[in-house]
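A closer look at the structure
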Amino acid sequence: MAGETQTPRARYREQTRAEIKAAALQQLAEGGVQSVALTRIAKDMGLSGPALYRYFAGRDDLLSALIRDAYDEVALAVEHATDSAPREDARAALHVLAGAYRDWAVAEPHRYQLIQGTPVPGYAAPPDTLLRARAALGPLLRVFAGASPTDAVRPVVAEMDAWVRRDGAVADWLGEHTGLGAQDPGSGTALAGAVLTWTQLHGAVSLEVSGQYAGMGHRTGTLLTAQLDALADAFRLP
């Protein structure tokens, strides 16, 4: 329960788990996900292998914890950005939210690559990470909830309409952030805007974080601004 006092044993366990995750993040930053090794973490922390496994069942369990934390942090960054996003200016709000997403990724490149980079061979993220990923995109649904799509994006809107009507989890996600129901006319528009924004963000930010824009003679922010403005035009955002 919230506010419940932890026992010394529980506090020690949480502290040790946090130290293990911090060590894993250091390895991740130094050599990517393939460099995360529980045996080396245990040695650096002065723990035996069996002792470390009392805190995480294995490398996949540790990676899942890091992935959950990363998604939660980027979702929090985007949600906090809504406080400074103009409520009556959807176009400006789009730029503010996208900027918060990009800022987090640039500041935490190794963690961004963990959640959005090349899949880890043999690893399957737990189902709850999907909910966390959607939480980061939730504020974008609100931006596009009242949009008026042009013909250019109507095919995507139609597909999103079908998606929300057949998938109860998506309908719940949409309703949580916009108040729209699966049958409401604007539901597909809100989903289409959020999904298309994510594809623009994922493409631009992933290339930036991996260094693919180096030497191309432009600033990434300028490129992303142009992409977002084009998307705002396609949905007639004010």
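For clarity, every value in this text was computed on a predicted model and none was experimentally measured.

1. Quick look at the confidence of the model for the protein chain
- Of the residues in the protein chain, 95% have a pLDDT of 70 or more, and the chain-wide mean is 90.
- Mean pLDDT values over the elements of the protein chain span from 84, in helix α3 (residues 49-52), up to 97, in helix α8 (residues 154-166).

2. A short note on helix α10 (residues 187-209)
- Compared with an ideal rise of 1.5 Å per residue, which puts 23 residues at 33 Å, α10 spans 32 Å between its outermost C-alpha atoms and is within 8% of the ideal.
- Residue glycine 211 follows α10 closely and has a positive phi angle near 80°.

3. Some remarks on the packing of helix α4 (residues 59-81) against helix α6 (residues 109-116)
- Close contact between α4 and α6 brings their axes to 9 Å; oriented N to C, the two are set at 105°. One element, α4, and the other, α6, form an angle in the roughly perpendicular class. Every residue of α6 that contacts α4 at Leu63, Leu66, Ile67, Asp69, Ala70, Tyr71 and Glu73 is listed here: Arg111, Leu114, Ile115 and Gln116.

4. Digging into the layout of surface pockets
- When its volume is computed, the largest pocket comes out at roughly 260 Å³.
- Taken together, 13 residues line the largest pocket, and the ones lying closest to its centre are Pro86, Arg87, Ala93, Arg142 and Val143.
- Contributing elements (two or more residues each) for the lining of the largest pocket: α5 (90-107) and α7 (128-144).
- The class makeup of the residues in the lining of the largest pocket is 8 nonpolar, 1 polar and 4 charged.

5. Remarks on the packing of aromatic side chains
- Under the counting rule described, the total for this entry stands at 2 aromatic pairs.
- Ring geometry for tyrosine 101 and tyrosine 112: centres 6.2 Å apart, planes at 90°, overall edge-to-face. Of this pair, tyrosine 101 sits in helix α5 while tyrosine 112 sits in helix α6, and the two are 11 residues apart along the sequence. Each member of the pair, tyrosine 101 as well as tyrosine 112, carries the same accessibility label: buried.

6. Details of the environment of proline 139
- When you line up the elements, proline 139 lands in helix α7.
- Residue classification places proline 139 among the buried residues on the basis of a relative accessible area of 1%.
- Setting aside residues no more than four positions away along its own chain, proline 139 makes contact with Val78, Glu79, Thr82, Leu97 and His177.

7. Some details on α6
- Three or more residues of α6 are buried, namely Arg111, Tyr112, Leu114, Ile115 and Gln116. The arc that holds every buried residue of α6, seen down its axis, measures 165°, which confines them to one face.

8. A closer look at the pattern of salt bridges
- Counted according to the given criterion, the structure contains 11 salt bridges.
- Two residues, aspartate 72 and arginine 132, come together in a salt bridge whose shortest N-O distance is 3.0 Å. Within this pair, whereas aspartate 72 is found in helix α4, its partner arginine 132 is found in helix α7, the two being separated by 60 residues in sequence.
- For aspartate 72, a relative accessible area of 34% puts it in the partly exposed group.
- Its relative accessible area of 24% is what places arginine 132 among the partly exposed residues.
- Glutamate 108 is paired through a salt bridge with arginine 111; the nearest N and O atoms lie 3.8 Å apart.

Reading the values: the criteria
Residues numbered from 1 in each chain as written. Predicted model: local features only at pLDDT ≥ 70, side-chain atom pairs only at ≥ 80, totals over all residues. Heavy atoms only, no water. pLDDT = per-residue confidence, 0-100. Helix = DSSP H or I, 4+ residues; strand = E, 2+ residues; numbered from the N terminus. Expected span 1.5 Å × (residues − 1). Axes fitted to C-alpha atoms, helices over the stretch in contact; angles between N-to-C directions. Parallel < 35°, antiparallel > 145°, perpendicular 65-115°, else oblique. Contact = heavy atoms within 4.5 Å. 1 Å grid on protein atoms, 1.4 Å probe; cavity = no way out; pocket = protein on both sides within 12 Å on 5 of 7 lines; lining within 4 Å. Points joined across faces, edges and corners; volume = space filled by probe spheres on them. Nonpolar A, V, L, I, M, F, W, Y, C, P; charged D, E, K, R; others polar. Phe/Tyr/Trp six-rings, centres within 6.5 Å; stacked < 30°, edge-to-face > 60°. Buried < 20%, exposed > 50% of the residue type's maximum accessible area, 1.4 Å probe, protein only. Arc of directions from axis to C-beta. Salt bridge = Lys/Arg side-chain N within 4 Å of Asp/Glu carboxyl O.

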